[in-house]
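What follows is each chain in one-letter form.
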Amino acid sequence: MPESPIGIFDSGVGGLTVLKAIKKILPHENLIYFGDTARVPYGNRSPNTIIKYSVENARLLQKFNIKTLVVACNTSSSYALEILKEEFPFPVIGVVKPGAKLAVESSKSKRIGVIGTEATIKSGAYRKAILSLEPFATVFEKACPLFVPLIEEGWLSDKITELVAEKYLKELTEKEIDTLVLGCTHYPLIKDTIKKILKDNVTLIDSAMAVAEEVKRKLPHRKKNKSQGVVRILVSDKTPRFERIAKMIMGEDTLIEEVSLDSE
Ligand code: DGL
(Lines give C-alpha, C1' and ligand atoms only; values in the text may rest on other atoms or scores of the structure.)
Protein backbone atom coordinates (compact mmCIF):
# COMPACT_ATOMS: atom_id res chain seq x y z
CA MET A 1 0.00 0.00 0.00
CA PRO A 2 1.38 3.46 -0.87
CA GLU A 3 0.50 4.82 2.58
CA SER A 4 2.33 1.96 4.35
CA PRO A 5 5.49 2.94 6.20
CA ILE A 6 9.09 2.16 5.30
CA GLY A 7 10.59 0.01 8.06
CA ILE A 8 14.15 0.59 9.27
CA PHE A 9 16.06 -1.27 11.96
CA ASP A 10 19.37 -1.21 13.76
CA SER A 11 20.67 -2.63 17.02
CA GLY A 12 20.48 0.81 18.65
CA VAL A 13 20.88 4.50 17.91
CA GLY A 14 23.20 4.13 14.89
CA GLY A 15 20.47 3.56 12.31
CA LEU A 16 18.93 6.91 13.22
CA THR A 17 21.59 8.46 10.97
CA VAL A 18 19.98 6.48 8.12
CA LEU A 19 16.43 7.33 9.26
CA LYS A 20 17.35 11.01 9.18
CA ALA A 21 18.73 10.75 5.64
CA ILE A 22 15.58 8.92 4.43
CA LYS A 23 13.34 11.52 6.08
CA LYS A 24 15.30 14.25 4.33
CA ILE A 25 14.88 12.91 0.81
CA LEU A 26 11.45 11.29 1.26
CA PRO A 27 9.72 13.77 3.61
CA HIS A 28 6.19 12.60 2.72
CA GLU A 29 6.77 8.94 3.50
CA ASN A 30 5.69 7.36 6.79
CA LEU A 31 8.73 5.85 8.51
CA ILE A 32 8.94 3.35 11.34
CA TYR A 33 12.27 2.72 13.07
CA PHE A 34 13.14 -0.08 15.44
CA GLY A 35 16.26 0.08 17.61
CA ASP A 36 16.96 -3.18 19.38
CA THR A 37 18.37 -1.41 22.44
CA ALA A 38 17.72 -4.36 24.74
CA ARG A 39 20.19 -6.50 22.78
CA VAL A 40 22.75 -3.98 21.49
CA PRO A 41 25.58 -4.49 20.53
CA TYR A 42 25.27 -7.03 17.72
CA GLY A 43 28.85 -6.59 16.56
CA ASN A 44 30.42 -9.10 18.92
CA ARG A 45 27.81 -11.85 18.46
CA SER A 46 27.92 -15.01 16.39
CA PRO A 47 26.50 -15.11 12.85
CA ASN A 48 23.55 -17.28 14.01
CA THR A 49 22.55 -14.82 16.71
CA ILE A 50 22.89 -11.85 14.36
CA ILE A 51 20.65 -13.63 11.81
CA LYS A 52 18.10 -14.59 14.50
CA TYR A 53 17.88 -11.02 15.84
CA SER A 54 17.63 -9.59 12.34
CA VAL A 55 14.76 -11.92 11.37
CA GLU A 56 12.94 -11.10 14.63
CA ASN A 57 13.33 -7.37 13.99
CA ALA A 58 11.99 -7.76 10.45
CA ARG A 59 9.00 -9.74 11.79
CA LEU A 60 8.24 -7.01 14.28
CA LEU A 61 8.26 -4.37 11.55
CA GLN A 62 6.21 -6.61 9.25
CA LYS A 63 3.35 -6.27 11.76
CA PHE A 64 3.19 -2.58 10.81
CA ASN A 65 2.61 -3.52 7.14
CA ILE A 66 5.85 -2.00 5.93
CA LYS A 67 6.32 -1.70 2.17
CA THR A 68 10.15 -1.82 2.23
CA LEU A 69 12.72 -2.79 4.85
CA VAL A 70 15.98 -0.95 5.35
CA VAL A 71 18.58 -2.88 7.31
CA ALA A 72 20.34 0.17 8.79
CA CYS A 73 22.92 -2.00 10.50
CA ASN A 74 26.11 -3.12 8.80
CA THR A 75 26.43 -6.14 11.06
CA SER A 76 22.95 -7.41 10.10
CA SER A 77 23.50 -6.44 6.46
CA SER A 78 26.75 -8.44 6.42
CA TYR A 79 25.15 -11.68 7.65
CA ALA A 80 21.37 -11.58 7.24
CA LEU A 81 20.56 -9.62 4.09
CA GLU A 82 20.11 -12.58 1.74
CA ILE A 83 18.04 -14.49 4.31
CA LEU A 84 15.78 -11.48 4.90
CA LYS A 85 15.34 -11.06 1.14
CA GLU A 86 14.27 -14.70 0.84
CA GLU A 87 12.01 -14.75 3.88
CA PHE A 88 10.00 -11.54 3.49
CA PRO A 89 7.67 -10.36 0.75
CA PHE A 90 8.85 -6.73 0.70
CA PRO A 91 12.08 -5.33 -0.83
CA VAL A 92 15.01 -5.39 1.62
CA ILE A 93 17.81 -2.83 1.32
CA GLY A 94 21.14 -3.14 3.14
CA VAL A 95 23.88 -0.63 3.86
CA VAL A 96 27.05 -2.40 2.70
CA LYS A 97 26.73 -2.15 -1.08
CA PRO A 98 25.79 1.55 -1.22
CA GLY A 99 28.71 2.34 1.13
CA ALA A 100 31.17 0.28 -0.92
CA LYS A 101 30.02 1.96 -4.14
CA LEU A 102 30.43 5.43 -2.67
CA ALA A 103 33.92 4.54 -1.43
CA VAL A 104 35.07 3.26 -4.82
CA GLU A 105 33.68 6.37 -6.53
CA SER A 106 35.37 8.72 -4.08
CA SER A 107 38.81 7.08 -3.85
CA LYS A 108 41.53 8.22 -6.26
CA SER A 109 44.35 6.00 -5.00
CA LYS A 110 41.99 3.01 -4.50
CA ARG A 111 43.61 2.48 -1.10
CA ILE A 112 40.47 2.19 0.98
CA GLY A 113 40.13 1.70 4.72
CA VAL A 114 37.05 0.11 6.31
CA ILE A 115 36.16 0.24 9.99
CA GLY A 116 33.27 -1.67 11.51
CA THR A 117 32.21 -4.04 14.26
CA GLU A 118 34.13 -7.23 14.84
CA ALA A 119 31.44 -9.26 13.06
CA THR A 120 31.22 -6.96 10.03
CA ILE A 121 34.99 -6.99 9.53
CA LYS A 122 35.16 -10.75 10.06
CA SER A 123 32.46 -11.30 7.42
CA GLY A 124 34.62 -9.61 4.77
CA ALA A 125 31.41 -8.12 3.32
CA TYR A 126 32.97 -4.73 2.55
CA ARG A 127 36.15 -6.20 1.11
CA LYS A 128 34.05 -8.37 -1.24
CA ALA A 129 31.73 -5.52 -2.20
CA ILE A 130 34.62 -3.11 -2.87
CA LEU A 131 36.67 -5.64 -4.85
CA SER A 132 33.68 -6.64 -6.95
CA LEU A 133 33.38 -3.00 -8.04
CA GLU A 134 37.12 -2.26 -8.26
CA PRO A 135 39.30 -5.39 -8.46
CA PHE A 136 42.51 -3.32 -8.23
CA ALA A 137 41.57 -1.68 -4.94
CA THR A 138 43.59 -2.37 -1.80
CA VAL A 139 41.35 -2.72 1.22
CA PHE A 140 42.56 -2.26 4.80
CA GLU A 141 40.09 -3.36 7.48
CA LYS A 142 39.98 -2.69 11.19
CA ALA A 143 37.42 -3.76 13.76
CA CYS A 144 36.66 -1.10 16.38
CA PRO A 145 34.55 -2.97 18.99
CA LEU A 146 34.66 -0.26 21.65
CA PHE A 147 33.11 2.43 19.47
CA VAL A 148 29.49 1.21 19.72
CA PRO A 149 29.38 1.04 23.56
CA LEU A 150 31.02 4.49 23.75
CA ILE A 151 28.48 5.92 21.32
CA GLU A 152 25.50 4.24 23.04
CA GLU A 153 26.86 5.81 26.25
CA GLY A 154 26.65 9.19 24.53
CA TRP A 155 30.39 9.86 24.75
CA LEU A 156 30.65 11.26 21.25
CA SER A 157 33.52 13.72 21.62
CA ASP A 158 34.96 12.81 25.02
CA LYS A 159 38.69 12.42 25.58
CA ILE A 160 38.28 8.68 26.14
CA THR A 161 36.61 8.24 22.74
CA GLU A 162 39.44 10.20 21.14
CA LEU A 163 42.06 7.97 22.81
CA VAL A 164 40.27 4.80 21.72
CA ALA A 165 39.94 6.15 18.17
CA GLU A 166 43.63 7.03 18.11
CA LYS A 167 44.57 3.51 19.13
CA TYR A 168 42.29 1.84 16.58
CA LEU A 169 43.07 4.13 13.67
CA LYS A 170 46.84 4.44 14.07
CA GLU A 171 47.64 1.48 11.80
CA LEU A 172 45.22 2.71 9.12
CA THR A 173 46.84 6.15 9.04
CA GLU A 174 50.14 4.44 8.19
CA LYS A 175 48.59 2.71 5.14
CA GLU A 176 48.22 5.92 3.12
CA ILE A 177 44.50 5.40 2.53
CA ASP A 178 42.59 8.27 0.90
CA THR A 179 39.12 6.98 1.83
CA LEU A 180 37.74 5.50 5.02
CA VAL A 181 34.37 3.73 5.08
CA LEU A 182 32.43 4.15 8.30
CA GLY A 183 31.18 0.57 8.11
CA CYS A 184 28.87 0.84 11.09
CA THR A 185 25.88 3.16 11.23
CA HIS A 186 26.88 4.27 14.72
CA TYR A 187 30.20 5.74 13.57
CA PRO A 188 28.93 8.89 11.80
CA LEU A 189 28.03 10.06 15.30
CA ILE A 190 31.76 10.29 16.13
CA LYS A 191 32.80 11.52 12.69
CA ASP A 192 34.46 14.65 14.10
CA THR A 193 36.53 12.64 16.57
CA ILE A 194 37.62 10.24 13.80
CA LYS A 195 38.49 13.14 11.47
CA LYS A 196 40.86 14.62 14.03
CA ILE A 197 43.03 11.51 13.89
CA LEU A 198 43.16 11.00 10.13
CA LYS A 199 45.19 12.97 7.59
CA ASP A 200 43.30 15.85 5.95
CA ASN A 201 43.22 14.12 2.55
CA VAL A 202 41.18 11.15 3.84
CA THR A 203 37.51 11.22 2.83
CA LEU A 204 35.07 9.65 5.27
CA ILE A 205 32.26 7.59 3.74
CA ASP A 206 28.97 7.68 5.58
CA SER A 207 26.59 5.56 3.53
CA ALA A 208 23.38 7.05 5.01
CA MET A 209 22.64 9.33 2.04
CA ALA A 210 23.58 6.64 -0.49
CA VAL A 211 21.19 4.23 1.25
CA ALA A 212 18.43 6.83 1.27
CA GLU A 213 18.89 7.37 -2.49
CA GLU A 214 18.65 3.61 -3.04
CA VAL A 215 15.43 3.48 -0.98
CA LYS A 216 13.99 6.26 -3.13
CA ARG A 217 14.97 4.42 -6.33
CA LYS A 218 13.56 1.07 -5.21
CA LEU A 219 10.40 2.20 -3.44
CA PRO A 220 7.56 0.04 -4.80
CA HIS A 221 4.81 2.64 -4.25
CA ARG A 222 5.19 6.30 -3.34
CA LYS A 223 2.77 7.73 -0.77
CA LYS A 224 0.07 9.60 -2.68
CA ASN A 225 -0.93 12.08 -0.02
CA LYS A 226 1.79 14.75 0.06
CA SER A 227 1.36 15.65 3.72
CA GLN A 228 4.40 15.40 6.01
CA GLY A 229 5.13 11.73 6.78
CA VAL A 230 4.76 10.33 10.29
CA VAL A 231 7.98 9.08 11.92
CA ARG A 232 7.68 6.49 14.69
CA ILE A 233 10.65 5.32 16.72
CA LEU A 234 10.34 2.03 18.57
CA VAL A 235 12.87 0.42 20.89
CA SER A 236 13.06 -2.86 22.78
CA ASP A 237 14.34 -1.02 25.87
CA LYS A 238 13.50 2.63 26.47
CA THR A 239 16.29 4.38 28.31
CA PRO A 240 16.99 8.09 28.96
CA ARG A 241 20.30 7.59 27.18
CA PHE A 242 18.63 6.48 23.93
CA GLU A 243 16.10 9.30 24.25
CA ARG A 244 18.85 11.90 24.66
CA ILE A 245 20.80 10.77 21.59
CA ALA A 246 17.64 10.27 19.51
CA LYS A 247 16.54 13.84 20.28
CA MET A 248 19.99 15.12 19.38
CA ILE A 249 19.76 13.42 15.98
CA MET A 250 16.04 13.69 15.15
CA GLY A 251 14.99 16.82 17.08
CA GLU A 252 13.62 17.68 20.51
CA ASP A 253 10.01 16.67 19.73
CA THR A 254 11.02 13.03 19.06
CA LEU A 255 8.84 10.47 20.83
CA ILE A 256 10.12 7.01 21.64
CA GLU A 257 7.85 3.99 22.17
CA GLU A 258 8.90 0.77 23.85
CA VAL A 259 7.72 -2.47 22.25
CA SER A 260 8.16 -6.10 23.12
CA LEU A 261 9.69 -8.28 20.43
CA ASP A 262 7.58 -11.26 21.38
CA SER A 263 4.23 -9.49 21.72
CA GLU A 264 1.60 -10.77 19.32
N1 DGL B 1 25.06 0.06 13.98
C2 DGL B 1 25.39 -1.29 13.77
C3 DGL B 1 26.22 -1.55 12.58
O4 DGL B 1 26.10 -0.79 11.64
C5 DGL B 1 25.47 -2.22 14.91
C6 DGL B 1 26.55 -2.08 15.89
C7 DGL B 1 26.42 -3.10 17.00
O8 DGL B 1 25.31 -3.33 17.48
O9 DGL B 1 27.45 -3.66 17.37
O10 DGL B 1 26.97 -2.49 12.51
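Use the structure listed above.
In this text the structure is predicted, and so the values were computed from the model without any measurement.

Asker: Looking at this structure, how should I read the site of the ligand?
Answerer: In the region of the ligand, 14 residues are neighbours, and Ser11, Tyr42, Asn74, Thr75 and His186 sit closest. Contact between the ligand and Gly43: an oxygen atom at 2.8 Å from a main-chain N or O atom of the residue. Taking His186, its side chain carries an N or O atom lying 2.7 Å from a nitrogen atom of the ligand. Summarising the interface, the protein chains cover 99% of the accessible area of the ligand, which totals 290 Å² for the free molecule. In terms of residue class, the shell around the ligand is made up of six nonpolar, seven polar and one charged.

Asker: Honestly, the state of the cysteines in this entry has me stumped. Any pointers?
Answerer: A complete count under the given rule lists zero disulfides for this structure. There is no disulfide at Cys144, and the cysteine sulfur nearest it, in Cys184, is 9.1 Å away. Just so you know, Cys184 is unpaired, no disulfide at all, and the nearest cysteine sulfur is the one on Cys73, 6.9 Å from it.

Asker: Which parts of the structure should I look at to understand the sheet that holds strand E5 (residues 111-116)?
Answerer: Strands pair in a sheet through their backbones, by hydrogen bonds, and they do so in one of two ways: parallel or antiparallel. The parallel open sheet is built from four strands, whose spatial order is E6-E5-E7-E8. Each edge of the open sheet carries a strand with a single partner, namely strand E6 (138-143) and strand E8 (203-205). For this sheet, the mean angle separating the axes of adjacent strands, direction not counted, is 20 degrees. Note: E5 against strand E7 (residues 179-182), four bridges, orientation parallel. Among the inter-strand pairings, Gly113 is bridged to a residue of E7, identified as Leu180. Along the sheet face, helix H4 (residues 96-106) touches E5, E7 and E8 and points at about 160 degrees away from the line of E8.

Asker: Can you help me understand the sheet that holds strand E10 (residues 256-258) in this one?
Answerer: The strand order across the open sheet built from six strands is E4-E3-E1-E2-E9-E10, with neighbouring strands paired in parallel fashion. Edge positions in the sheet fall to strand E4 (92-93) and E10, since each has one partner strand and no second. Pairing of strand E2 (residues 31-35) with strand E9 (residues 231-235), which is carried by five bridges, proceeds in the parallel orientation. By the bridge assignment, Tyr33 is partnered in E9 with Ile233. Contacting strand E1 (6-10), E2 and strand E3 (68-71), helix H2 (residues 47-62) runs over the sheet at an angle of about 150 degrees to E1. Along the sheet, helix H3 (residues 74-87) makes contact with E1, E3 and E4, crossing E3 at roughly 160 degrees.

Asker: Just to check I follow, could you spell out helix H1 (residues 16-25) for this structure?
Answerer: Side chains that are three or four residues apart share a direction in an α-helix, a result of its 3.6 residues per turn. Among the 10 residues that make up H1, seven are buried, leaving the element largely enclosed by the rest of the structure. Where H1 is concerned, the buried positions are Leu16, Thr17, Val18, Leu19, Ala21, Ile22 and Ile25. Buried residues belonging to H1 abut E1, E2, E3, helix H10 (208-218), E9 and helix H11 (240-250).

Asker: It is not clear to me how the pairing of E3 should be interpreted in this structure. Could you clarify?
Answerer: Every regular strand shows the same layout, with side chains that alternate between the two sheet faces. The two faces of E3 match: Thr68 and Val70 on one face and Leu69 and Val71 on the other face are all buried. The pairing of E1 with E3 spans four bridges and is classified as parallel. Residue pairing for E3: Ile6 is matched across the bridge by Thr68. In this structure, E3 lies alongside E4, joined through two bridges in parallel fashion. In the sheet register, Val70 faces E4, and the bridge partner there is Ile93.

Reading the values: rules and limits
- Per chain, residue numbering runs from 1 following the sequence as it is written.
- In view of the model being predicted, local features appear only for residues whose pLDDT reaches at least 70, and side-chain atom pairs are presented and counted only at 80 or more, with totals across whole chains, interfaces and linings using the full set of residues.
- Calculated side-chain values reflect all of the structure's heavy atoms, with hydrogen atoms and water omitted.
- Whether a residue is near a molecule or strand is decided by its heavy atoms; if any one of them lies within 4 Å of it, the residue is near.
- Any N or O atom pair separated by 3.5 Å or less is treated as a polar contact, with the protein-specific requirement of one donor-capable and one acceptor-capable atom, and with residues adjacent in sequence counted only for side-chain atom pairs.
- Here the accessible surface of atoms and residues is derived via Shrake-Rupley with a 1.4 Å probe, and residues count as covered only by protein chains that are part of the display.
- By the convention adopted, Pro, Cys, Tyr, Trp, Phe, Met, Ile, Leu, Val and Ala count as nonpolar, Lys, Arg, Asp and Glu as charged, and the other residues, Gly among them, as polar.
- Two cysteine sulfur atoms make up a disulfide if the distance between them is within 2.5 Å.
- Here the rule is simple: two strands pair whenever DSSP picks up at least two bridges between them.
- Helix and strand definitions here come from DSSP, where helices need a minimum of 4 consecutive H or I residues and strands a minimum of 2 consecutive E residues; each element is numbered from the N-terminal end.
- A fitted line through C-alpha atoms represents every axis, and for helices the fit uses only the stretch in contact; the resulting angles, taken between N-to-C directions, go from 0 to 180 degrees.
- Between two residues, a contact is recorded if the distance between any of their heavy atoms is within 4.5 Å.
- Type-normalised accessible area, obtained with a 1.4 Å probe on protein chains alone, sets the label of each residue: buried when under 20%, exposed when over 50%, and partly exposed for intermediate values.

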